[in-house]
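Residue-level structural notes
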Amino acid sequence: MSLDTYRTAVCDRTNSALSQSIQALPNHAEKLKQAMEYALLIGGKKMRPFLLHATGKMLGVSESDLDCPATAVEAIHAYSLIHDDLPAMDDDDLRRGHATCHIQFDEATAILAGDALQTLAFEILCQHPLSSTNDAKRIQLVNILSKASGYLGMCGGQAMDLAATDKRISQAQLEALHNKKTGALLSACVEMAIVLAKDVSQDSRQTLLKYAQIIGLAFQVQDDILDVIGDSEVLGKPQGSDQEQNKSTYPAMLGLEQAQSYLDDLHKQALQALHTLPYNTQILAEFTNFVIHRAY
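Only a predicted model underlies this, so the values are computations on that prediction, with no experimental measurement involved.

All right, on to the overall build of the chain then. When its secondary structure is counted, the chain shows 16 helices and two strands. For a compact globule of 296 residues, the expected C-alpha radius of gyration is about 19 Å, and the chain comes in at 18 Å, within 12% of that figure. Residues classed as buried in the chain amount to 53% of the 296 residues present. Only carbon and sulfur atoms are counted for the fraction: they give 50% of the accessible area of the chain, which is about 13200 Å². For the chain, the separation between the mean place of its 24 positive charges and that of its 36 negative charges on side chains is 6 Å.

Of note, Thr-249 is situated in the loop between helix 13 (241–244) and helix 14 (250–254). Looking at Thr-249, the relative accessible area reads 8%, which means it is buried. Reaching out from Thr-249, the side chain makes a polar contact with the backbone nitrogen of Ala-252 at a distance of 3.2 Å.

It is worth spelling out the side chain of Thr-281 at this point. Mapping Thr-281 onto the fold places it in the loop between helix 15 (256–275) and helix 16 (282–293). Ignoring anything within four residues of it in the chain, the contact list for Thr-281 reads Met-58 and Leu-274.

The next point concerns the pattern of salt bridges. Opposite charge on two side chains permits them to pair, given that their charged atoms come into close proximity. On inspection of all chains with the given rule, the structure shows 11 salt bridges. Between Arg-13 and Asp-67 there is a salt bridge whose closest N-O contact spans 2.4 Å. Of the two residues, Arg-13 is situated in helix 1 (residues 3–23) and Asp-67 in helix 4 (residues 63–84); the sequence distance between them amounts to 54 residues. With a shortest N-O distance of 3.6 Å, Glu-74 and Arg-96 are connected by a salt bridge. Of the two residues, Glu-74 is situated in helix 4 and Arg-96 in the loop between strand 1 (94–95) and strand 2 (98–99); the sequence distance between them amounts to 22 residues. Accessibility classification places Glu-74 together with Arg-96 in one group, the buried group.

Okay, the packing of helix 11 (residues 202–229) against helix 16 next. Direction vectors running N to C along helix 11 and helix 16 enclose 25°, while the axes themselves pass 8 Å from each other. As far as their axial angle goes, helix 16 and helix 11 are roughly parallel. Judged by residue contacts, Leu-208, Tyr-211, Ile-215, Ala-218, Phe-219 and Gln-222 of helix 11 engage Leu-284, Phe-287, Thr-288, Val-291, Ile-292 and His-293 from helix 16. Of the residues in the contact of helix 11 with helix 16, the class split is nine nonpolar, three polar and no charged.

On to helix 9 (residues 171–181). If you check which residues of helix 9 are buried, you get Leu-174, Leu-177, His-178 and Lys-181. Down the axis of helix 9, the sector holding all buried residues measures 90°, keeping them to one side. Those residues of helix 9 that are buried lie in contact with helix 8 (154–164), helix 10 (183–196), helix 11 and helix 14.

This next bit is on helix 2 (residues 30–41). For helix 2, built from 12 residues, the straight-helix expectation of 16 Å at 1.5 Å per residue is met to within 8% by its first-to-last C-alpha distance of 16 Å. Among all positions in helix 2, only Lys-33, Ala-35, Met-36, Tyr-38, Ala-39 and Leu-40 are buried. Residues of helix 2 that are buried sit in contact with helix 1, helix 4, strand 2, helix 5 (101–104) and helix 6 (107–127). After helix 2 finishes, the residue Gly-43 shows a positive phi value of roughly 140°.

Criteria and thresholds
Residues numbered from 1 in each chain as written. Predicted model: local features only at pLDDT ≥ 70, side-chain atom pairs only at ≥ 80, totals over all residues. Heavy atoms only, no water. Helix = DSSP H or I, 4+ residues; strand = E, 2+ residues; numbered from the N terminus. Rg over C-alpha atoms; globule rule 2.2 N^0.38 Å. Buried < 20%, exposed > 50% of the residue type's maximum accessible area, 1.4 Å probe, protein only. Areas by Shrake-Rupley, 256 points an atom, 1.4 Å probe, with all protein chains shown as cover. Lys, Arg positive; Asp, Glu negative; His and termini not counted. Charge placed at Lys NZ, Arg CZ, Asp CG, Glu CD. Polar contact = N/O pair within 3.5 Å; in protein donor to acceptor, adjacent residues only side chain to side chain. Contact = heavy atoms within 4.5 Å. Salt bridge = Lys/Arg side-chain N within 4 Å of Asp/Glu carboxyl O. Axes fitted to C-alpha atoms, helices over the stretch in contact; angles between N-to-C directions. Parallel < 35°, antiparallel > 145°, perpendicular 65-115°, else oblique. Nonpolar A, V, L, I, M, F, W, Y, C, P; charged D, E, K, R; others polar. Arc of directions from axis to C-beta. Expected span 1.5 Å × (residues − 1).

Structure below.
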(Lines give C-alpha, C1' and ligand atoms only; values in the text may rest on other atoms or scores of the structure.)
Protein backbone atom coordinates (compact mmCIF):
# COMPACT_ATOMS: atom_id res chain seq x y z
CA MET A 1 0.00 0.00 0.00
CA SER A 2 1.38 3.43 -0.96
CA LEU A 3 1.90 6.18 1.59
CA ASP A 4 -0.85 8.35 0.08
CA THR A 5 -3.33 5.48 0.05
CA TYR A 6 -2.57 4.56 3.65
CA ARG A 7 -2.67 8.19 4.81
CA THR A 8 -6.06 8.64 3.17
CA ALA A 9 -7.37 5.45 4.78
CA VAL A 10 -6.17 6.54 8.25
CA CYS A 11 -7.59 10.03 7.74
CA ASP A 12 -10.99 8.58 6.76
CA ARG A 13 -11.02 6.18 9.73
CA THR A 14 -10.08 8.95 12.14
CA ASN A 15 -12.58 11.45 10.76
CA SER A 16 -15.33 8.84 10.88
CA ALA A 17 -14.57 7.97 14.51
CA LEU A 18 -14.36 11.64 15.49
CA SER A 19 -17.64 12.44 13.75
CA GLN A 20 -19.34 9.55 15.55
CA SER A 21 -18.01 10.78 18.89
CA ILE A 22 -19.40 14.26 18.29
CA GLN A 23 -22.75 13.10 16.91
CA ALA A 24 -23.23 10.86 19.96
CA LEU A 25 -23.23 13.95 22.20
CA PRO A 26 -26.64 15.36 23.23
CA ASN A 27 -27.70 18.77 21.90
CA HIS A 28 -28.02 20.78 25.11
CA ALA A 29 -25.17 23.09 23.93
CA GLU A 30 -25.57 22.94 20.16
CA LYS A 31 -23.26 25.83 19.30
CA LEU A 32 -20.45 24.30 21.34
CA LYS A 33 -21.01 20.95 19.66
CA GLN A 34 -20.82 22.62 16.23
CA ALA A 35 -17.57 24.38 17.16
CA MET A 36 -16.02 21.10 18.35
CA GLU A 37 -16.97 19.38 15.09
CA TYR A 38 -15.70 22.33 13.05
CA ALA A 39 -12.29 22.24 14.71
CA LEU A 40 -11.97 18.47 14.29
CA LEU A 41 -13.16 18.03 10.73
CA ILE A 42 -12.28 21.14 8.67
CA GLY A 43 -9.14 19.46 7.32
CA GLY A 44 -5.66 18.76 8.56
CA LYS A 45 -3.02 16.19 7.73
CA LYS A 46 -3.93 13.79 10.60
CA MET A 47 -0.17 13.23 11.00
CA ARG A 48 -0.44 12.04 14.60
CA PRO A 49 -3.10 9.38 13.91
CA PHE A 50 -1.08 8.31 10.88
CA LEU A 51 2.13 7.93 12.89
CA LEU A 52 0.24 5.93 15.52
CA HIS A 53 -1.42 3.66 12.94
CA ALA A 54 1.78 3.18 10.94
CA THR A 55 3.78 2.27 14.03
CA GLY A 56 1.06 -0.02 15.35
CA LYS A 57 0.58 -1.72 11.99
CA MET A 58 4.31 -2.40 11.82
CA LEU A 59 4.14 -3.93 15.32
CA GLY A 60 1.12 -6.11 14.50
CA VAL A 61 -1.62 -4.18 16.35
CA SER A 62 -5.12 -4.33 14.85
CA GLU A 63 -6.52 -1.19 13.24
CA SER A 64 -9.59 -1.32 15.47
CA ASP A 65 -7.41 -1.12 18.59
CA LEU A 66 -5.34 1.71 17.08
CA ASP A 67 -8.49 3.74 16.37
CA CYS A 68 -8.93 4.40 20.10
CA PRO A 69 -5.67 6.30 20.82
CA ALA A 70 -5.52 7.74 17.30
CA THR A 71 -8.89 9.43 17.73
CA ALA A 72 -8.00 10.62 21.22
CA VAL A 73 -4.70 12.18 20.18
CA GLU A 74 -6.37 14.03 17.29
CA ALA A 75 -8.91 15.48 19.73
CA ILE A 76 -6.01 16.77 21.86
CA HIS A 77 -4.29 18.20 18.78
CA ALA A 78 -7.47 19.97 17.61
CA TYR A 79 -8.00 21.48 21.06
CA SER A 80 -4.42 22.77 21.09
CA LEU A 81 -4.88 24.46 17.70
CA ILE A 82 -8.06 26.21 18.85
CA HIS A 83 -6.27 27.64 21.87
CA ASP A 84 -3.05 28.45 19.96
CA ASP A 85 -5.06 30.57 17.52
CA LEU A 86 -6.77 32.67 20.21
CA PRO A 87 -5.97 36.41 20.48
CA ALA A 88 -4.19 35.84 23.80
CA MET A 89 -1.86 33.32 22.15
CA ASP A 90 -0.85 33.47 18.45
CA ASP A 91 -3.87 35.56 17.38
CA ASP A 92 -4.43 33.84 14.01
CA ASP A 93 -7.47 34.23 11.76
CA LEU A 94 -6.76 31.32 9.41
CA ARG A 95 -6.24 27.61 10.08
CA ARG A 96 -6.21 24.81 7.49
CA GLY A 97 -7.47 27.29 4.89
CA HIS A 98 -10.55 28.17 6.97
CA ALA A 99 -11.46 30.77 9.56
CA THR A 100 -10.10 29.85 12.99
CA CYS A 101 -12.62 28.60 15.54
CA HIS A 102 -12.88 31.89 17.45
CA ILE A 103 -13.47 33.78 14.18
CA GLN A 104 -16.04 31.29 12.87
CA PHE A 105 -17.91 31.25 16.19
CA ASP A 106 -16.71 33.52 18.99
CA GLU A 107 -13.88 33.61 21.49
CA ALA A 108 -15.81 32.17 24.44
CA THR A 109 -17.20 29.30 22.38
CA ALA A 110 -13.73 28.55 21.02
CA ILE A 111 -12.25 28.35 24.52
CA LEU A 112 -15.01 25.99 25.62
CA ALA A 113 -14.64 23.90 22.45
CA GLY A 114 -10.95 23.42 23.22
CA ASP A 115 -11.74 22.50 26.80
CA ALA A 116 -14.41 20.02 25.71
CA LEU A 117 -12.17 18.38 23.09
CA GLN A 118 -9.44 17.89 25.67
CA THR A 119 -11.79 16.02 27.98
CA LEU A 120 -13.35 14.15 25.03
CA ALA A 121 -9.92 12.67 24.30
CA PHE A 122 -9.84 10.96 27.67
CA GLU A 123 -13.46 9.85 27.40
CA ILE A 124 -12.45 8.12 24.16
CA LEU A 125 -9.48 6.40 25.82
CA CYS A 126 -11.75 5.18 28.61
CA GLN A 127 -14.75 4.11 26.54
CA HIS A 128 -13.79 3.35 22.92
CA PRO A 129 -13.91 -0.41 22.21
CA LEU A 130 -10.63 -2.29 22.60
CA SER A 131 -9.81 -5.96 22.23
CA SER A 132 -9.88 -8.08 25.39
CA THR A 133 -6.08 -8.24 25.29
CA ASN A 134 -5.69 -4.47 25.32
CA ASP A 135 -8.69 -3.43 27.39
CA ALA A 136 -6.61 -3.57 30.57
CA LYS A 137 -4.07 -1.14 29.07
CA ARG A 138 -6.38 1.90 29.08
CA ILE A 139 -4.77 3.42 32.18
CA GLN A 140 -1.37 3.25 30.46
CA LEU A 141 -2.80 5.07 27.43
CA VAL A 142 -4.37 7.75 29.66
CA ASN A 143 -1.07 8.18 31.51
CA ILE A 144 0.94 8.59 28.29
CA LEU A 145 -1.45 11.05 26.64
CA SER A 146 -2.04 13.14 29.77
CA LYS A 147 1.70 13.60 30.35
CA ALA A 148 2.30 14.45 26.69
CA SER A 149 -0.56 16.99 26.68
CA GLY A 150 0.01 18.90 29.91
CA TYR A 151 2.73 20.68 31.83
CA LEU A 152 5.34 18.00 31.09
CA GLY A 153 4.59 18.12 27.37
CA MET A 154 2.61 20.27 24.97
CA CYS A 155 1.28 22.92 27.36
CA GLY A 156 4.65 23.32 29.03
CA GLY A 157 6.28 23.69 25.63
CA GLN A 158 3.74 26.29 24.55
CA ALA A 159 4.47 28.28 27.72
CA MET A 160 8.20 28.06 26.95
CA ASP A 161 7.48 29.28 23.41
CA LEU A 162 5.56 32.30 24.69
CA ALA A 163 8.34 33.08 27.19
CA ALA A 164 10.95 32.90 24.40
CA THR A 165 9.16 35.38 22.11
CA ASP A 166 11.22 38.57 21.55
CA LYS A 167 14.21 36.95 23.28
CA ARG A 168 17.43 35.29 22.22
CA ILE A 169 17.65 31.69 23.38
CA SER A 170 20.15 28.92 22.70
CA GLN A 171 19.60 26.10 20.23
CA ALA A 172 19.48 23.66 23.16
CA GLN A 173 16.69 25.72 24.73
CA LEU A 174 14.83 25.84 21.41
CA GLU A 175 15.08 22.07 21.03
CA ALA A 176 13.87 21.52 24.61
CA LEU A 177 10.92 23.79 23.87
CA HIS A 178 9.92 21.93 20.72
CA ASN A 179 10.51 18.48 22.21
CA LYS A 180 7.63 19.40 24.51
CA LYS A 181 5.44 21.64 22.33
CA THR A 182 5.49 19.50 19.16
CA GLY A 183 7.48 16.37 19.94
CA ALA A 184 5.62 15.18 23.03
CA LEU A 185 2.40 14.29 21.21
CA LEU A 186 4.27 12.62 18.36
CA SER A 187 6.28 10.58 20.85
CA ALA A 188 3.04 9.68 22.64
CA CYS A 189 1.68 8.27 19.37
CA VAL A 190 4.62 5.90 19.08
CA GLU A 191 4.56 5.01 22.78
CA MET A 192 0.83 4.22 22.76
CA ALA A 193 1.30 1.97 19.72
CA ILE A 194 4.08 0.14 21.58
CA VAL A 195 1.83 -0.33 24.63
CA LEU A 196 -0.83 -1.99 22.47
CA ALA A 197 1.70 -4.28 20.76
CA LYS A 198 3.03 -7.65 21.93
CA ASP A 199 6.64 -8.59 22.51
CA VAL A 200 8.40 -5.34 21.63
CA SER A 201 11.97 -5.60 22.93
CA GLN A 202 13.45 -2.86 25.11
CA ASP A 203 15.98 -2.06 22.36
CA SER A 204 13.24 -1.65 19.76
CA ARG A 205 11.17 0.45 22.15
CA GLN A 206 14.09 2.82 22.80
CA THR A 207 14.88 3.07 19.09
CA LEU A 208 11.27 3.85 18.22
CA LEU A 209 11.06 6.53 20.91
CA LYS A 210 14.34 8.01 19.64
CA TYR A 211 12.88 8.02 16.13
CA ALA A 212 9.75 9.77 17.41
CA GLN A 213 11.82 12.47 19.09
CA ILE A 214 13.85 13.06 15.92
CA ILE A 215 10.77 13.20 13.69
CA GLY A 216 9.07 15.60 16.10
CA LEU A 217 12.03 17.95 15.92
CA ALA A 218 12.25 17.59 12.13
CA PHE A 219 8.54 18.38 11.85
CA GLN A 220 9.07 21.64 13.73
CA VAL A 221 12.20 22.65 11.80
CA GLN A 222 10.29 22.20 8.54
CA ASP A 223 7.38 24.19 9.97
CA ASP A 224 9.78 27.02 10.76
CA ILE A 225 11.30 26.85 7.27
CA LEU A 226 7.85 26.89 5.64
CA ASP A 227 6.98 30.01 7.62
CA VAL A 228 9.81 31.70 5.72
CA ILE A 229 9.49 30.20 2.23
CA GLY A 230 6.01 28.62 2.15
CA ASP A 231 2.87 29.68 0.31
CA SER A 232 -0.03 30.82 2.50
CA GLU A 233 -2.59 29.17 0.21
CA VAL A 234 -0.76 25.84 0.38
CA LEU A 235 -0.02 26.15 4.11
CA GLY A 236 -3.63 26.99 4.94
CA LYS A 237 -2.44 29.67 7.38
CA PRO A 238 -0.59 32.99 7.08
CA GLN A 239 3.01 32.59 5.91
CA GLY A 240 5.48 34.71 7.88
CA SER A 241 3.42 34.86 11.10
CA ASP A 242 6.32 33.54 13.22
CA GLN A 243 8.64 36.23 11.85
CA GLU A 244 6.01 38.91 12.39
CA GLN A 245 5.61 37.90 16.05
CA ASN A 246 9.39 37.57 16.50
CA LYS A 247 9.14 33.93 17.55
CA SER A 248 12.21 31.84 18.30
CA THR A 249 12.65 29.68 15.19
CA TYR A 250 15.44 27.71 13.54
CA PRO A 251 15.79 30.00 10.50
CA ALA A 252 15.91 33.03 12.81
CA MET A 253 18.57 31.38 14.96
CA LEU A 254 20.67 29.53 12.35
CA GLY A 255 19.79 31.27 9.09
CA LEU A 256 17.66 29.61 6.41
CA GLU A 257 20.48 27.65 4.76
CA GLN A 258 21.78 26.25 8.06
CA ALA A 259 18.25 25.38 9.17
CA GLN A 260 17.76 23.41 5.96
CA SER A 261 21.10 21.66 6.53
CA TYR A 262 20.03 20.77 10.06
CA LEU A 263 16.76 19.37 8.69
CA ASP A 264 18.75 17.17 6.29
CA ASP A 265 20.79 15.86 9.22
CA LEU A 266 17.63 15.03 11.19
CA HIS A 267 16.27 13.25 8.11
CA LYS A 268 19.34 11.01 8.00
CA GLN A 269 19.16 10.34 11.76
CA ALA A 270 15.50 9.31 11.54
CA LEU A 271 16.09 6.93 8.64
CA GLN A 272 19.13 5.45 10.38
CA ALA A 273 17.06 4.75 13.50
CA LEU A 274 14.45 2.95 11.40
CA HIS A 275 17.16 0.96 9.61
CA THR A 276 18.22 -0.67 12.87
CA LEU A 277 14.72 -2.00 13.70
CA PRO A 278 13.83 -5.67 13.06
CA TYR A 279 10.57 -4.74 11.31
CA ASN A 280 9.33 -3.67 7.87
CA THR A 281 9.79 0.10 8.26
CA GLN A 282 8.92 1.12 4.70
CA ILE A 283 5.80 3.09 5.59
CA LEU A 284 7.55 4.92 8.43
CA ALA A 285 10.48 5.71 6.11
CA GLU A 286 8.06 7.15 3.53
CA PHE A 287 6.33 9.11 6.31
CA THR A 288 9.73 10.50 7.32
CA ASN A 289 10.38 11.65 3.75
CA PHE A 290 6.94 13.26 3.67
CA VAL A 291 7.59 15.19 6.90
CA ILE A 292 10.91 16.49 5.58
CA HIS A 293 9.72 17.46 2.10
CA ARG A 294 6.12 18.55 2.77
CA ALA A 295 4.97 21.97 1.53
CA TYR A 296 2.21 22.41 4.14
